[in-house]
Amino acid sequence: MAVQYHVLPDKVYEAFYRLSLPQQQIESYVFNVVLGHVPKMNLDEAFEQQSSIALAVKQELDEVMAGFGYGIVKALVTDIIPDDKVKLAMNDINAAQREQVAANARGEAEKILKVKQAEGEAASKALQGKGIADQRKAIIDGLRESVELFQRGAEGSSAKDVMAMVLMTQYFDTLREIGASGKSNTIMMPHSPGGLNDFFDQLRSSFIVASEPR
């Protein structure tokens, strides 16, 4: 606390003779007023209500010190210094609050990241599915066109005949590519010309299954 005081002009006698140590008396009254107000507050309230504490001190001193010939000009709370243990506790509380805020921020960031990743994966799978569907549609359209052209060029041929020729052509092209590779270790078992019909049936079944919508 800081207290500004002066001698009242009309009470010089009281100021000189009634108090030998006016500064100590003022300090005692200040301590008394502070002890009567501050213990009722918590630390935050004490910091917030410094002006009310100073006003209470001035009012108390005005009433008391006027009888001793002194007038109080101003009473100020210049600083509030808690005990060291209280300071440490306050620092711990502030650190815990800031850590809580930081943890919430990190959690929100991770949540947003996971949501965006999930949205990205969903979009990727949707595009992948569309690509597969478009690929299958292109294959079907190409085979349909081949069947139509072959039937127009070879009267009496059925769609099954055309499909068999297309699939066998692709099959032999695959064998040629495998054989042309010098590092190929592929073994196809069983494999004989007489089994081509069975192989065609398997290819056709696989193609039909792969062409069904998912």
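Residues numbered from 1 in each chain as written. Predicted model: local features only at pLDDT ≥ 70, side-chain atom pairs only at ≥ 80, totals over all residues. Heavy atoms only, no water.

## What about the layout of surface pockets?
Then, in step 1: One number sums up the size of the largest pocket: a volume of about 480 Å³.
Then, in step 2: Forming the walls of the largest pocket are 22 residues, and the residues nearest its centre are Met1, Val30, Phe31, Val34 and Asp79.
Then, in step 3: Residue assignment for the lining of the largest pocket shows that the elements contributing at least two residues are β1 (2-7), α2 (22-37) and α3 (43-48).
Then, in step 4: If one sorts the elements of the lining of the largest pocket by residue count, α2 sits on top with 7 residues.
Then, in step 5: Residues of the lining of the largest pocket, tallied by class, amount to 18 nonpolar, 2 polar and 2 charged. (1 Å grid on protein atoms, 1.4 Å probe; cavity = no way out; pocket = protein on both sides within 12 Å on 5 of 7 lines; lining within 4 Å. Points joined across faces, edges and corners; volume = space filled by probe spheres on them. Helix = DSSP H or I, 4+ residues; strand = E, 2+ residues; numbered from the N terminus. Nonpolar A, V, L, I, M, F, W, Y, C, P; charged D, E, K, R; others polar.)

## Quick look at the packing of aromatic side chains
Then, in step 1: Counting across every chain of the model gives 3 aromatic pairs.
Then, in step 2: Aromatic side chains Tyr5 and Tyr70 sit 5.8 Å apart centroid to centroid with 70 degrees between the ring planes, which places their arrangement in the edge-to-face category. In this pair, Tyr5 is assigned in strand β1 and Tyr70 in strand β2 (residues 70-76), connecting sequence segments 65 residues apart.
Then, in step 3: In this structure Tyr70 comes out as buried when scored by relative accessible area, which is 7%.
Then, in step 4: Following the ring pairs from residue to residue traces out a cluster consisting of Tyr13, Phe16 and Tyr17. (Phe/Tyr/Trp six-rings, centres within 6.5 Å; stacked < 30°, edge-to-face > 60°. Buried < 20%, exposed > 50% of the residue type's maximum accessible area, 1.4 Å probe, protein only.)

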